[in-house]
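# Structural overview
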Amino acid sequence: MDLDNPKTTIERSAIIKRKFFLKYVYLDFYNTFKKLSKDVPKGKRVEIGSGGGFIKEKIPGCITSDVMQLPGCDMCFPAEKMPFKNNSLSATYMLNTFHHIKDPQKALSEFLRCLKRGGKVVMIEPFNSNWGRFIYKNFHHEPFDTNANWKIQKKGDLSSANGALPWIVFYRDKKRFQKLFPRLKIIFFNPHTPLRYLLSGGFTLPQLLPNLFYPLVSKLETLIAPANNHIGMFVTIVLKKS
């Protein structure tokens with residue numbers, strides 16, 4: 001299906017809810033969002049690029065949004081032009097969204113403008129580990145270019161992407177990021193989840209294990225967590241406004 005067609009995102013929402021492994025990966029990621037934003041100041045919480053997700057099951061009252069008009073999304077806007085007042089948001093969440101933002105520097109400026117002091121940007125994104133890079137470069141439809149600059153040139157809302165972008169901005173070019181945004185501190189950078197998403201089959205392949213194996217795979221990932229810098233497929237990044 002055409003990735004830039006809203007119908008594709010609607011179908012993806014149905015896929016998430018009927019695939020046990022995939023649904024629980026999402027739930028675990030939303031629980032991470034909730035845990036890492038417990039200490040933010042009172043205010044609006046906004047998810048950027050909500051797509052087919054269901055963050056409100058874990059964070060009730062969170063404003064959902066997307067760059068496309070979608071059923072179930074409260075608002076429609078790009079991350080580079082957020083319709084919120086200065087210092088009005090307590091948290092901004094992104095799940096596999098940052099690597100689709102065409103101008104991340106402009107988006108980060110918007111996050112900084114909109115967040116209250118002590119507010120956070122919490123995101124979970126693809127990670128450039130040895131294992132993650134191998135999977136994304138060889139078995140995933142999105143580009144994964146570790147040598148690219150910050151901007152994405154393609155025009156499509158979802159077809160334009162660079163899976164390596166979060167690693168580029170917050171790891172490879174960390175000094176540049178810190179110089180541009182001294183008030184956005186990277187307070188958490190944690191690679192994780194080398195197996196569960198793969199075993200879910202994602203959006204295109206069948207689930208590879210029976211449902212009852214999910215807790216066992218989660219336990220295995222906990223045991224091998226010390227190797228996540230080399231094998232993690234995702235990374236949780238938290239920015240805090242000082």
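See the structure shown above.
As a starting point, this report considers the structure included with it. (Residues numbered from 1 in each chain as written. Predicted model: local features only at pLDDT ≥ 70, side-chain atom pairs only at ≥ 80, totals over all residues. Heavy atoms only, no water.)

## Topic: the overall build of the protein chain
The secondary structure content of the protein chain amounts to 9 helices and 7 strands. Scaling as 2.2 N^0.38, a compact globule of 242 residues should have a C-alpha radius of gyration of about 18 Å, and the protein chain matches this with 17 Å. If you line up the protein chain on its principal axes, its C-alpha atoms span 50 × 40 × 35 Å. Among the 242 residues that make up the protein chain, the fraction classed as buried is 51%. The long-range fraction of contacts in the protein chain, counting pairs at least 24 apart against all pairs at least 6 apart in sequence, stands at 71%. (Helix = DSSP H or I, 4+ residues; strand = E, 2+ residues; numbered from the N terminus. Rg over C-alpha atoms; globule rule 2.2 N^0.38 Å. Buried < 20%, exposed > 50% of the residue type's maximum accessible area, 1.4 Å probe, protein only. Contact = heavy atoms within 4.5 Å.)

## Digging into the environment of Ile152
In this fold, Ile152 is placed in the loop between helix H4 (130–139) and helix H5 (165–172). On the basis of relative accessible area, Ile152 is assigned to the buried category, the value being 11%. Along the sequence, Ile152 and Lys179 sit 27 residues apart, while their C-alpha atoms lie 21 Å from each other. Sequence-distant contacts of Ile152, that is, excluding residues within four places in its chain, are made with His99, His100, Ile101, Lys102, Ser160, Ala161, Asn162 and Leu165.

## Points about the pattern of salt bridges
Applying the stated criterion across every chain yields a total of 8 salt bridges. Residues Asp173 and Arg172 are paired through a salt bridge, measuring 3.0 Å at the closest nitrogen-oxygen approach. Relative accessible area serves as the criterion here: at 33%, Arg172 is assigned to the partly exposed category. One network of salt bridges, with partners in common, ties together Asp28, Arg196 and Glu221. (Salt bridge = Lys/Arg side-chain N within 4 Å of Asp/Glu carboxyl O.)

## Regarding a nonpolar patch on the surface
Judged by side-chain polarity, Trp131, Phe134 and Phe139 come together as a nonpolar surface patch covering roughly 330 Å² of accessible area. Along the chain, Phe134 turns up in helix H4. With relative accessibility at 41%, the residue Phe134 sits in the partly exposed group. (Patch = residues over 30% accessible without salt bridge, like charges linked within 9 Å, V, L, I, M, F, W, Y side chains within 5 Å. Areas by Shrake-Rupley, 256 points an atom, 1.4 Å probe, with all protein chains shown as cover.)

## Observations regarding the nonpolar core
Core analysis: the largest hydrophobic core is formed by 65 residues, its most contacted members being Phe33, Phe98, Leu108, Phe111, Phe170 and Phe177. Here the element with the most residues in this core is helix H2 (residues 20–36); it accounts for 9 residues. Here Phe33 is in contact with Ile55, Ile59, Tyr93, Met94, Leu95, Val122, Met123 and Ile124, once residues within four sequence places are set aside. (Core = buried A, V, L, I, M, F, W, Y, C linked by side-chain atoms within 4.5 Å.)

## Quick word on the environment of Lys179
Structurally, the position occupied by Lys179 is in helix H6 (residues 174–180). Residue Lys179 is classed as exposed on the basis of its relative accessible area of 73%. Each C-alpha atom of the pair Lys179 and Met233 lies 28 Å from the other, and the pair is 54 residues apart in sequence.

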